[in-house]
Amino acid sequence: MNDDKLIVWTVYDLGMPPYPNNYIAWKFSVANGKVTRTEEHMIAPHLEMIQRELQRRGLVKLMPTKEDDPSIIETWL
């Protein structure tokens, strides 16, 4: 069994319930073709606050594709 996991942070636009007027980033784990949202997340009133924290962790930003949910601002690996 392979224990390798890809960790992905997805940043969502303002107004996503239940966090109106805030940006939220959820941490996802991808393993063996299965995507699982973890309990770990960040909430901030300004996008730059979340971006700084994800950059501090050494992650790289990817922009959404046309196929992504419109509430997704960016994804970090």
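Residues numbered from 1 in each chain as written. Predicted model: local features only at pLDDT ≥ 70, side-chain atom pairs only at ≥ 80, totals over all residues. Heavy atoms only, no water.

Some details on the sheet that holds strand 3 (residues 34-44)
The condition that has to hold: Two strands are counted as paired when DSSP detects at least two bridges linking them. Runs of E in the DSSP output that reach at least two residues are strands. Runs of H or I that reach at least four are helices, and both are numbered from the N terminus. We call two residues in contact whenever any of their non-hydrogen atoms come within 4.5 Å of each other. Inter-axis angles, ranging from 0 to 180 degrees, are taken between N-to-C directions of lines fitted to C-alpha atoms, where helices are fitted over the stretch in contact.
Here we have 5 strands laid out as an open sheet, ordered 3-2-1-5-4, and antiparallel in their pairing. Looking at strand neighbours, the two that pair on one side only are strand 3 and strand 4 (61-62), the edges of this open sheet. Bridging between strand 1 (residues 6-12) and strand 2 (residues 23-31) involves 7 bridges; their strand directions are antiparallel. Looking at strand 2, one finds that Trp9 is bridged to Lys27. Sheet contacts for helix 1 (residues 47-56): strand 1, strand 2, strand 3, strand 4 and strand 5 (72-76); angle to strand 5, the most-contacted strand, approximately 15 degrees.

Points about the nonpolar core
Note the following rule: Joining through side-chain atoms within 4.5 Å is the link that ties buried Ala, Val, Leu, Ile, Met, Phe, Trp, Tyr and Cys residues into a set, and such a set is a nonpolar core. Only protein chains enter the accessibility calculation, which uses a 1.4 Å probe. A residue is then buried if its area is under 20% of the maximum for its type, exposed if over 50%, and partly exposed in between.
Of all hydrophobic cores here, the largest spans 11 residues; its members are Trp9, Val11, Tyr23, Ala25, Met42, Ala44, Leu47, Ile50, Leu54, Ile73 and Trp76. When residues of this core are traced back to their parent elements, those giving at least two are strand 1, strand 2, strand 3, helix 1 and strand 5. The element contributing the most residues to this core is helix 1, with 3 residues. The contact partners of Ala44, leaving out residues within four places of it in the chain, are Asn22, Tyr23, Met49 and Ile50. Val8, Tyr12, Trp26 and Phe28 belong to the second-largest nonpolar core, a separate cluster that totals 6 residues.

Nothing here speaks to function; it is all geometry.
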